[in-house]
Amino acid sequence: MIAPRAIVAEQPNARAEVASAPRIRWEIADGFTAYPEAIASMEASIRAIRAGEAAERVWFVEHPPLYTAGSSAKPEDLEDATRFPTFAAGRGGQWTYHGPGQRVAYVMLDLDRPHGVVPARDLRAYVQGLEEWLILTLDRFNIRGERRPGRVGIWVEDRAAGTEAKIAAIGVRVTRWVTWHGVAVNLEPVLDHFAGIVPCGIREYGVTSLHALGMIVSMAELDAALAASWVRVFGSSLER
């Protein structure tokens, strides 16, 4: 297994930058989190953040197998409605699969203030920040993740298939300038579980995972890489 590199070695001024930024609460859920429970928890958090009663929050979860529909999801892209439970997510985007072996990170930030390289009240920059967070995380495992125009998420070269495949998904919602929902990284999900939908409405390309690319790391190592890469984009440390 590959241990994530130390972020301080890469950023000599990281301590000073982090010290000046508000702390963000980082939580890792035990076991599997039911999707309705996740929605209820995020809704409570964003209300408290907006009211100034709670710290901003980044929440790592794993879900049991399920499909979620974003605001742009097409009914015909749910190709097997009987396979797993389906939920209306209320976020942007189309159909997404969540399940064991996939790290979902729900991000609840107050965009009324800037976060690292992300200016205040700039939704496009926020989504680009999420993309950069994922790209930096994958880079710690020597995986080159890339953006693609017109295709949401992070993409990698799938040499076995001779094409590209999605390794991480992004779907966000903003309520009164507080973000919720977030990103999902495929560590070692059962890739066949994606077959019940057209992921993100894109038929031409498939999905992959760190393990499918030969990078056999643990969920704890992925979590550590996500936490270390966060500060390089959003400027605040994640504090458990």
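See the structure above.
If you're wondering where the values come from, they're calculated on a predicted model, not measured in any experiment. (Residues numbered from 1 in each chain as written. Predicted model: local features only at pLDDT ≥ 70, side-chain atom pairs only at ≥ 80, totals over all residues. Heavy atoms only, no water.)

### Observations regarding the pairing of strand 3 (residues 66-69)
Moving on, step 1. Neither face of strand 3 is left uncovered, since the one carrying L66 and T68 and the one carrying Y67 and A69 both have all their residues buried.
Moving on, step 2. Bridge count for strand 3 against strand 5 (residues 95-98) is 4 bridges, and the pairing is antiparallel. Following the sheet pairing, Y67 is matched in strand 5 by Y97.
Moving on, step 3. Note that strand 3 and strand 4 (residues 86-88) share 3 bridges and pair parallel. Pairing of A69 across the sheet is with A88, part of strand 4. (Buried < 20%, exposed > 50% of the residue type's maximum accessible area, 1.4 Å probe, protein only. Helix = DSSP H or I, 4+ residues; strand = E, 2+ residues; numbered from the N terminus. Pairing = 2+ DSSP bridges.)

### Comments concerning unusual backbone geometry
Moving on, step 1. Positive phi outside glycine occurs at R121, with the angle close to 50°.
Moving on, step 2. For R121, a relative accessible area of 49% puts it in the partly exposed group.
Moving on, step 3. Of note, N142 is a non-glycine position whose phi angle comes to about 60°, a positive value.
Moving on, step 4. Along the chain, N142 turns up in the loop between helix 4 (123-139) and strand 7 (146-148).
Moving on, step 5. On the basis of relative accessible area, N142 is assigned to the exposed category, the value being 63%.

### Notes on the sheet that holds strand 5
Moving on, step 1. With mixed pairing, the 3 strands of this open sheet are ordered in space as 4-3-5. Looking along the sheet, the strands with just one partner apiece sit at the ends: strand 4 and strand 5. On average, each strand axis in the sheet is inclined to that of its neighbour by 25°, with strand direction left out of account. (Axes fitted to C-alpha atoms, helices over the stretch in contact; angles between N-to-C directions.)

### Describing the pattern of salt bridges
Moving on, step 1. Taken as a whole, this structure holds 16 salt bridges when the rule is applied.
Moving on, step 2. As a salt-bridge pair, R50 and D110 come within 3.5 Å of each other at their nearest N and O atoms. Residue R50 is found in helix 3 (residues 35-50), and its partner D110 is found in the loop between strand 6 (102-108) and helix 4; the two are separated by 60 residues along the sequence.
Moving on, step 3. Salt-bridge contacts for E164 lead to R148; the nearest nitrogen and oxygen are separated by 2.8 Å. Taken together, the positions of E164 in strand 9 (residues 163-175) and R148 in strand 7 put the pair 16 residues apart, joining distant regions of the chain.
Moving on, step 4. When its relative accessible area of 18% is taken as the criterion, E164 is described as buried.
Moving on, step 5. In this structure R148 comes out as partly exposed when scored by relative accessible area, which is 23%.
Moving on, step 6. Within the structure, one salt-bridge network assembled from shared partners comprises R144, E146, R148, R151 and E164. (Salt bridge = Lys/Arg side-chain N within 4 Å of Asp/Glu carboxyl O.)

### Here we look at the packing of aromatic side chains
Moving on, step 1. Scanning the entire structure with this criterion turns up 12 aromatic pairs.
Moving on, step 2. Centroid distance Y67 to F84: 5.5 Å. Interplanar angle 65°. Geometry classified as edge-to-face. Residue Y67 is located in strand 3, and its partner F84 is located in the loop between strand 3 and strand 4; the two are separated by 17 residues in the primary sequence. Take Y67 and F84: they sit in the same class, and that class is buried. (Phe/Tyr/Trp six-rings, centres within 6.5 Å; stacked < 30°, edge-to-face > 60°.)

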